[in-house]
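# Structure at a glance
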Amino acid sequence: MQIVYEDKKQKFETGATPIEIAKTLGVQLSGVIAAKIDSGPIDLTRKINEDTKIEFLTFDSKEGKEVFWHSSAHLMAAAVKRVYPNAQLTLGPAISEGFYYDFYDIKLGDNDLELLEKEMKAIVEADSKFVRKEVSKDEALALFKGNKFKAEILGEAESPITIYETGDFIDICRGPHVPSTRYLKAFKLLKVAGAYWRGDSKREVLTRIYGVSFPSKALLEEYTKFEGERSKHDHKKIGKELELFETSAWSPGSPFLLPNGAIIYNELLKLAREMDKKYGYQEIITPIIAKSEVWKTSGHYEKYRENMYKVAPFSVEDEEYALKPMNCPFSTVVFNAKTRSYRDLPLRLADYGFLHRYELEGALDGLFRTRMLEQNDAHIYITEDQVENEIIRMFEIMKEVYAIFKLTPLMTLATRPEQRIGSDDAWSRAENALRNALEKSGYKYTIKEGDGAFYGPKIDIYVLDFTGKPESAYAASTIQVDFNLATRFDVKYTGSDNREHTPIVLHQSVMGSLGRFMGIILSNSGGDLPVWLSPVQARIVTITERNNDYGKKLLSKFIERGLRVELDESNATLDYKIREGQLKKIPYIIVLGDKEEAANTIAVRSKDGKTKYGVELNEFSKDLQEKIKTRTL
RNA sequence: GCCUCUGUAGCUCAGUGGUAGAGCACUUCACUUGUAAUGAAGGGGUUGUGGGUUCAAUCCCCACCAGAGGCUCCA
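Definitions and limits used
Residues numbered from 1 in each chain as written. Chains lettered and ligands numbered in written order. Predicted model: local features only at pLDDT ≥ 70, side-chain atom pairs only at ≥ 80, totals over all residues. Heavy atoms only, no water. Buried < 20%, exposed > 50% of the residue type's maximum accessible area, 1.4 Å probe, protein only. Helix = DSSP H or I, 4+ residues; strand = E, 2+ residues; numbered from the N terminus. Arc of directions from axis to C-beta. Near = heavy atom within 4 Å. Polar contact = N/O pair within 3.5 Å; in protein donor to acceptor, adjacent residues only side chain to side chain. Nonpolar A, V, L, I, M, F, W, Y, C, P; charged D, E, K, R; others polar. Pairing = 2+ DSSP bridges. Axes fitted to C-alpha atoms, helices over the stretch in contact; angles between N-to-C directions. Contact = heavy atoms within 4.5 Å. Parallel < 35°, antiparallel > 145°, perpendicular 65-115°, else oblique. Left-handed = near helix turned anticlockwise from the far one by under 90°. Salt bridge = Lys/Arg side-chain N within 4 Å of Asp/Glu carboxyl O.

So, about helix H1 (residues 18-25). Of the positions making up H1, those classed as buried are Pro-18, Ile-21, Ala-22 and Leu-25. All buried residues of H1 project into a common sector of 100° when viewed along the axis, lining one side. Gly-26 sits one or two positions beyond H1 and adopts a positive phi of about 80°.

What follows deals with the protein's contact with RNA strand B. In the neighbourhood of RNA strand B, 57 residues make up the surrounding shell, with Ile-172, Asn-571, Tyr-576, Arg-579 and Glu-596 lying closest. Put simply, 53% of the atoms of RNA strand B that lie within 4 Å of the protein are in sugar or phosphate. In the model, a base oxygen of RNA strand B is placed 2.9 Å from a nitrogen or oxygen of the Gly-194 main chain. Only strand E7 (94-95), strand E12 (186-196), strand E13 (205-214), helix H7 (235-241), helix H17 (574-583), helix H18 (594-599), strand E33 (602-606) and strand E34 (611-615) provide two or more residues apiece to the surface near RNA strand B. With seven residues, the top contributor of residues to the surface near RNA strand B is H17. Class assignment of the residues belonging to the surface near RNA strand B gives a composition of 29 nonpolar, 11 polar and 17 charged.

Turning our eyes to something else, we now look at the sheet that holds E33. Taken together, the five strands give an open sheet; going across it, the order is E31-E30-E32-E33-E34, and neighbouring strands pair in mixed fashion. In this open sheet, the two strands that pair with only one neighbour each are strand E31 (565-568) and E34. Taking each pair of neighbouring strands and ignoring which way they run, the sheet shows an average axis angle of 25°. Its contacts with the sheet put helix H16 (residues 548-560) on strand E30 (538-542), E31, strand E32 (588-592) and E33, and the angle it makes with E31 is roughly 170°. Those strands touched by helix H19 (residues 617-630) are E32, E33 and E34, and its axis lies near 170° from that of E32.

Next up on the list: the side chain of Glu-431. Mapped onto the elements, Glu-431 comes out in helix H13 (residues 424-440). According to the relative accessible area criterion, Glu-431 is buried, its value standing at 7%. With near-sequence residues (within four places) excluded, Glu-431 lies in contact with Thr-415, Arg-416 and Pro-457.

It is at 11 Å that the axes of helix H8 (residues 259-278) and helix H12 (residues 387-405) come closest, and there the two elements cross at 150°. Put simply, H8 runs roughly antiparallel to H12. In this structure, H8 meets H12 at a crossing whose hand is right-handed. Residue-level contacts link Leu-268, Leu-271, Met-275 and Lys-278 of H8 to Ile-397, Glu-400, Val-401, Ile-404 and Phe-405 of H12.

Looking now at the sheet that holds strand E9 (residues 130-135). The strand order across the open sheet built from three strands is E9-E10-E11, with neighbouring strands paired in antiparallel fashion. Of all the strands in the sheet, the pair left with one neighbour each is E9 and strand E11 (169-172). Direction aside, neighbouring strands of the sheet carry axes that sit 25° apart on average. Relative to strand E10 (residues 161-166), E9 runs antiparallel, the two being bridged by six bridges. Along E10, the bridge assignment pairs Lys-133 with Ile-163.

Moving on: the pattern of salt bridges. Between side chains of opposite charge, a pair can form as their charged atoms come close. On inspection of all chains with the given rule, the structure shows 36 salt bridges. Among the salt bridges present, the one from Arg-82 reaches Glu-119, with a minimum N-O distance of 3.2 Å. Of this pair, Arg-82 sits in helix H2 (residues 62-83) while Glu-119 sits in helix H3 (residues 112-125), and the two are 37 residues apart along the sequence. Judged by its relative accessible area of 38%, Arg-82 is partly exposed. Note that Glu-152 is salt-bridged to Arg-203, the shortest N-O span being 3.0 Å. Separated by 51 residues along the polypeptide, Glu-152 in helix H5 (residues 148-156) and Arg-203 in the loop between E12 and E13 bring together distant segments of the chain. The exposure class of Glu-152 is partly exposed, given its relative accessible area of 24%. For Arg-203, a relative accessible area of 33% puts it in the partly exposed group.

Our focus in this paragraph is the pairing of E34. Looking at chain direction, E33 and E34 are connected through three bridges and run antiparallel. Bridge pairing in E34 places Ile-602 opposite Val-615. Hairpin connection of E33 to E34: four residues between the antiparallel strands, including Gly-609 at a positive phi of 95°.

Strand E25 (residues 458-463) sits mainly inside the fold: five of its six residues count as buried. Here strand E23 (residues 409-414) pairs with E25 via six bridges, running antiparallel. Each bridged residue has a counterpart across the sheet, and for Leu-413 the counterpart in E25 is Ile-459. As defined by bridge partners, E25 adjoins strand E26 (residues 474-482) across six bridges and the pair is classed as antiparallel. Along E26, the bridge assignment pairs Lys-458 with Gln-480.

Put into structure tokens, the structure is as follows:
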């Protein structure tokens, strides 16, 4: 057998294990969790019987982590079995950050986790080996007699079945695993949650325990520290601290924007409207409630009814009305308000209507997932051959907006799903248009096969969150092609051939839900907003009461200039006032004392703690206005 | 909707089967301060809501409401 390891080529006896091979090659095994050969990762103790390349996996690699966490899931399951012998094992995979295991027939709460951790520690100290065995399907079934979940899994598997023994614990498992429990030095069980067997809400509810583990205590501490950092980016916490929004049981899922929050929200709206103007979108205003008939025509009533709020009967006519969950159909009324020609296209209609969607209570999340939302929504009526260029244009808008917020976009192209309307030809042309637009604009993108809407392909744009990890990116913008809407609402234009044609509709939303977008900005910035978005752009602080009149005089000057400035003339100490301003993340604190008053200047402290003395008010306010105008820090 | 946890003053949180406490915030007074917390006094709570158990419930039990996390990661 020939093994290739980096540039060393050596022959080994068939049946050598990675541990033996490592010794011969002189590979240091400390930190090595598993090996990887051509056919995939394997146990360090498993014999290799094929010609192959070999790689040694440590925790640093994605595959190494997977092995490590999967072994940790076994460790946890072993502990659960000891403490709760009746618990039935189901599945326990590694996930992107840690692992979980689902159990059937146990009840436990967060308080029980400590007990399990102790048990796990005992197993780790016992240094139990992970022993791999192959058995027949029948033998495996016998091992898990009475466990319908394992029986279901085995039903789909082929003999021989691999099992792993760790002390007295046995689980069906493809592996590989770390050689022994001693490797699993540092771990933490995080939470207990409910999950459905195979993610299906009609099936059994299982108890899922989440955990993370690391090869050293230091790494676990680092993880814990990062989790602390995470809470600084919790938009709900920031919203509370900066007095931006409140939630109320009066209307769950519909946050109330407080004055400070409303300022930020309106600044975002202002930006959206500026972009509309710049890029030739016309704003329309359409009803919030309408007869359900509308949604029967659009098809939403059939597909989306569970998420719709009905208002029925609304009037004496006993006709059912509904709150709109989407703006789309209403733009057709605007299009049809007069006879349209191809010269009117592309017709770009922006709609900021308030939408209501019934979201599951458990899915609600601050500004991120709400039941009332407002999108910077647009519907573009267009001919098929205009699609590509129009989308390139949309990317221009998006680039401009993202640059302001320093957001990094990730593009995904979603193609035709199983259930769809429109001809395959039309789909191909539309998908190509989207692909070309992406490529001509120089974007890298991933393709999600079959993930398009039933009415057309789409591009979803995600933006990175504060961690910068693609897997936790936010869905921010969307661009969708729609073959359905115009047909359903009988929308037509006259072509250059003097005949009637049905336009294609593009759905576009650059910022998505504005509330949600605000949440993203809050989280990513940790509450440190640029001047143009800050509810209070500067706060005047007087040192003594003697300076209050000077403070009032300057305040009115700032307000005349349209700046959001406030005055703190309380009789607290300067230190206290500075601290207050700093905690509220106000970009500038203007300090006024006797010296400033005598010289008719101001002292400006910026958020980074640096202070400039003897500044002229005009100079400062001009600088501020410039920053606001250009939307820079 | 389902699972786990949580709900005590505006906020952050203690606490107890015998109707409640701290810090911050707020009000008042004193201090008049030069770049991240001056001191003192005071006001503020049907312990989420509704039932039940009990001589007695904020605490125990049930239901409801709201909040947090989870319900895609496949032997």
